[in-house]
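So the chains spell out like this:
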Amino acid sequence: MSEIAKSTDFKSLGLSKWLTESLKAMKITQPTAIQKACIPKILEGRDCIGGAKTGSGKTIAFAGPMLTKWSEDPCGMFGVVLTPTRELAMQIAEQFTALGSNMNIRVSVVVGGESIVQQALDLQRKPHFIIATPGRLAHHIMSSGEDTVGGLMRAKYLVLDEADILLTSTFANHLATCIGALPPKDKRQTLLFTATITDQVRSLQDAPAQGNKPPLFAYQVESVDNVAIPSTLKTEYILVPEHVKEAYLYQLLTCEEYVNKTAIVFVNRTMSAEILRRTLKQLEVRVASLHSQMPQQERTNSLHRFRANAARVLIATDVASRGLDIPTVELVVNYDIPSDPDVFIHRSGRTARAGRDGDAISFVTQRDVSRIEAIEDRINKKMTEANKVHDTAVIRKALTKVTKAKRESLMAMQKENFGDRRRLQKQKQMDSKSMRS
Ligand SMILES: Nc1ncnc2c1ncn2[C@@H]1O[C@H](COP(=O)(O)OP(=O)(O)OP(=O)(O)O)[C@@H](O)[C@H]1O
């Protein structure tokens with residue numbers, strides 16, 4: 001990967017031998033810039049704010065030193081990692097488990113949508129690491145009465161992965177509960193990581209920290225090239241009339257360049273994700289979806305199918321925009337443009353990871369122009385127009401079958417009472433109108 005520092009290896013950064021061997025078995029031998037910047041300082045005992053582009057190896061930047069220190073005295077609770085989404089927590093837990101498997105590591109995943117009883121039992125077994133979403137961990141803390149959950153009071157590390165979003169008001173109460181159950185700041189190390197450092201994260205640099213030293217601030221975006229997305233990520237747009245977006249998407253996913261490629265399509269609403277999934281399925285695209293209205297078991301199965309390439313296309317809301325590491329993804333489609341440019345950075349960062357190439361294509365309707373401008377300002381790069389779907393005759397031909405598939409999907413959803421009936425009815429009426437016009 002481009003950010004790899006050639007002359008340094010993980011051992012010289014201070015990671016223990018067993019861990020460098022585990023990393024080597026995963027073909028990870030040369031640290032990236034963020035790993036090089038953070039690992040020695042975290043090992044020294046410093047707090048750390050780590051900002052680096054998507055896919056640049058931030059997970060190992062915090063997991064490496066934590067696992068090294070843990071292995072010096074591997075008993076009882078050692079560290080807590082908080083993340084905003086369940087799937088990301090599961091992924092990080094898998095990484096800790098894989099890296100520490102030779103050392104009999106015990107990792108508990110504490111996320112919403114899974115059995116509370118099972119998690120409580122798991123926590124009683126005194127894990128070494130807890131990887132959690134704040135809401136569910138707060139639930140366990142609040143319902144545990146006098147007992148400390150999983151030995152949290154002895155934790156030596158707290159990591160906020162995707163720190164910028166964890167520090168927003170959405171998570172404030174739960175985060176406060178989780179932090180309240182941990183040792184005070186001067187008795188633990190606090191590590192914050194994200195690809196999008198916000199002023200709120202930056203301001204923590206000035207907060208008094210352990211030993212009165214400010215946290216190390218390793219921000220690898222500005223220092224490298226001022227562009228907030230990986231250099232291997234190609235960002236393009238397609239101008240799309242609102243009422244034919246589905247037909248454009250179908251054309252794009254089945255065009256010569258992308259027909260065999262793995263893609264994530266991001267939408268802004270759950271309803272759109274469900275409609276698109278059903279429509280593309282009718283059109284025989286191997287598709288799965290991921291959104292917050294799905295039961296957790298379905299969410300897990302969907303992601304599993306996608307990771308295993310049983311589904312080639314994942315239709316997702318922003319539950320999938322942060323942290324997910326699926327190296328085979330070569331295309332991200334922003335089917336709806338997010339209002340927050342940082343969301344664009346995270347979504348698009350699901351491809352072009354670890355030095356690989358990837359394309360992010362945004363569907364731009366008349367209403368999205370100002371959003372695209374804000375994104376271009378934020379990433380400090382202009383998007384180019386994609387010429388993949390341009391033949392109007394082809395689109396018109398696709399439109400007939402796509403509209404039919406969508407209508408059938410909407411009818412099925414109505415029958416199953418999916419979501420809000422009224423909205424579905426309105427959508428159906430709008431579609432018949434656009435068919436007639
Ligand atoms: N030094 C390295 N050399 C090669 N590959 C690496 C290295 N470090 C990490 N990776 C791999 O790079 C990929 C991306 O790493 P990771 O998921 O930690 O990225 P990230 O910076 O946390 O991204 P995001 O901001 O999207 O969460 C992973 O598949 C990881 O195994």
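This is a predicted model, so every value here is computed, not measured.

1. Examining the site of the ligand
Right, so step 1: In the vicinity of the ligand there are 22 residues, among which Q30, K58, T59, D325 and R353 approach most closely.
Right, so step 2: Between an oxygen atom of the ligand and a main-chain N or O atom of G57, the distance comes to 3.1 Å.
Right, so step 3: Between R353 and the ligand, the recorded distance is 2.8 Å, taken from a side-chain N or O atom to an oxygen atom.
Right, so step 4: In isolation the ligand exposes 640 Å². Once the protein is present, 90% of that is buried.
Right, so step 5: It is helix α4 (residues 58–72) that provides the largest number of residues to the shell around the ligand, a total of 3 residues.

2. A closer look at the packing of helix α12 (residues 245–254) against helix α17 (residues 392–415)
Right, so step 1: Their axes nearest at 8 Å, the elements α12 and α17 cross at an angle of 110 degrees. Relative to α17, the element α12 is oriented roughly perpendicular. The handedness of the crossing between α12 and α17 comes out as right-handed. Only V394, I395, A398, L399, K401, V402 and K406 of α17 make contact with α12, whose side of the interface consists of E246, A247, Y248, Y250 and Q251.
Right, so step 2: Of the residues in the contact of α12 with α17, the class split is 8 nonpolar, 1 polar and 3 charged.

3. A short note on the state of the cysteines
Right, so step 1: Per the stated rule, a full pass over the model turns up 0 disulfides.
Right, so step 2: For C38, which is in no disulfide, the shortest distance to another cysteine sulfur is to C48 and amounts to 3.6 Å.

4. A closer look at the sheet that holds strand β10 (residues 287–290)
Right, so step 1: Read from one edge of the open sheet, 7 strands run β10-β11-β9-β12-β13-β8-β14, paired in parallel fashion. If you trace the sheet from one side to the other, it starts and ends with β10 and β14 (384–385), each paired once.
Right, so step 2: Note: strand β8 (residues 233–239) against strand β13 (residues 358–364), 7 bridges, orientation parallel. In the sheet register, L233 faces β13, and the bridge partner there is G358.

5. Observations concerning the packing of aromatic side chains
Right, so step 1: As enumerated under the stated definition, the model contains 7 aromatic pairs in all.
Right, so step 2: Ring centres of W18 and W70 lie 6.3 Å apart, and the angle between their planes is 75 degrees; this geometry places the pair in the edge-to-face category. Here W18, found in helix α2 (residues 17–25), pairs with W70, found in helix α4; they are 52 residues apart in sequence, far enough to count as distant. Of the two residues, W18 and W70, both sit in the buried class.
Right, so step 3: Their ring planes at 55 degrees and their centres at 5.0 Å tell us that F96 and F129 sit as a pair that is tilted. Of this pair, F96 sits in helix α5 (residues 86–100) while F129 sits in strand β4 (residues 129–132); the two residues are 33 residues apart in sequence, bridging distant segments of the chain.

6. Things to note about the nonpolar core
Right, so step 1: Counting residues in each nonpolar core, the largest one holds 38 residues, and the members touching the most others are L67 and F96.
Right, so step 2: Elements supplying a minimum of two residues to this core: α1 (10–13), α2, α3 (33–44), α4, α5, β4, β5 (157–161) and β6 (189–194).
Right, so step 3: In contact with L67, not counting residues within four places along its chain, are W18, L19, F96, L99, I105 and F129.
Right, so step 4: Counting 33 residues, the second largest nonpolar core, distinct from the first, contains L253, F363, V389 and A398.

7. Quick notes on the side chain of D336
Right, so step 1: You can see D336 is positioned in the loop between β12 (329–334) and α15 (341–348).
Right, so step 2: Residue classification places D336 among the buried residues on the basis of a relative accessible area of 13%.
Right, so step 3: Once residues within four sequence positions are removed from consideration, D336 is found in contact with K245, F266, V267, N268, R269, S272 and R347.

8. Thoughts on the environment of R322
Right, so step 1: Inspection of the secondary structure assignment puts R322 in the loop between β11 (313–316) and β12.
Right, so step 2: Considering only alpha carbons, one finds R322 and M294, 28 residues apart in sequence, at a separation of 18 Å.
Right, so step 3: Apart from the residues lying within four places of it in its own chain, the contact partners of R322 are P84, L88, E162, D164, I165, T194, T196, H346 and R350.
Right, so step 4: Polar contacts involving the side chain of R322 include one to the side chain of E162, which spans 2.8 Å.

9. Side note on the environment of E257
Right, so step 1: Following the sequence through the fold, E257 ends up in the loop between α12 and β9 (262–266).
Right, so step 2: Sequence-wise, E257 and K388 are 131 residues apart; in three dimensions their C-alpha atoms are separated by 8.1 Å.

10. Some words on the UniProt feature "short sequence motif: Q motif" (unreviewed entry) in the protein
Right, so step 1: The UniProt record annotates "short sequence motif: Q motif" (unreviewed entry) at residues 8–36.
Right, so step 2: Annotated as residues 8–36, this span is 59% helix and 0% strand, and its ends, taken at the C-alpha atoms, are 8 Å apart.

11. Quick look at the domain arrangement of the protein
How large an interface is tends to be reported as the accessible area lost when its parts come together.
Right, so step 1: Taken domain by domain, the protein holds domain 1 (8–218) and domain 2 (231–419).
Right, so step 2: Taking only C-alpha atoms, the centre of domain 1 and the centre of domain 2 are 31 Å apart.
Right, so step 3: With 19 residues of domain 1 at the contact, the number on the domain 2 side is 19 residues.
Right, so step 4: Of the roughly 1600 Å² buried at the junction of domain 1 and domain 2 (both faces included), carbon and sulfur atoms supply 47%.
Right, so step 5: Its salt-bridge partner being R322, residue E162 comes within 2.8 Å of it at the nearest N-O pair.
Right, so step 6: At the boundary of domain 1 and domain 2, one finds 10 residue pairs in polar contact (both at pLDDT 80 or more).
Right, so step 7: Every element with two or more residues in the side of domain 1 that touches domain 2 is listed here: α5 and α8 (163–166).

What counts, and where the lines are drawn
- Residues numbered from 1 in each chain as written.
- Predicted model: local features only at pLDDT ≥ 70, side-chain atom pairs only at ≥ 80, totals over all residues.
- Heavy atoms only, no water.
- Near = heavy atom within 4 Å.
- Polar contact = N/O pair within 3.5 Å; in protein donor to acceptor, adjacent residues only side chain to side chain.
- Areas by Shrake-Rupley, 256 points an atom, 1.4 Å probe, with all protein chains shown as cover.
- Helix = DSSP H or I, 4+ residues; strand = E, 2+ residues; numbered from the N terminus.
- Axes fitted to C-alpha atoms, helices over the stretch in contact; angles between N-to-C directions.
- Parallel < 35°, antiparallel > 145°, perpendicular 65-115°, else oblique.
- Left-handed = near helix turned anticlockwise from the far one by under 90°.
- Contact = heavy atoms within 4.5 Å.
- Nonpolar A, V, L, I, M, F, W, Y, C, P; charged D, E, K, R; others polar.
- Disulfide = S-S within 2.5 Å.
- Pairing = 2+ DSSP bridges.
- Phe/Tyr/Trp six-rings, centres within 6.5 Å; stacked < 30°, edge-to-face > 60°.
- Buried < 20%, exposed > 50% of the residue type's maximum accessible area, 1.4 Å probe, protein only.
- Core = buried A, V, L, I, M, F, W, Y, C linked by side-chain atoms within 4.5 Å.
- UniProt positions renumbered as here; feature names shortened; annotations may be inferred.
- Domains from an automatic or database assignment.
- Buried area = accessible area lost by both parts, 1.4 Å probe.
- Salt bridge = Lys/Arg side-chain N within 4 Å of Asp/Glu carboxyl O.

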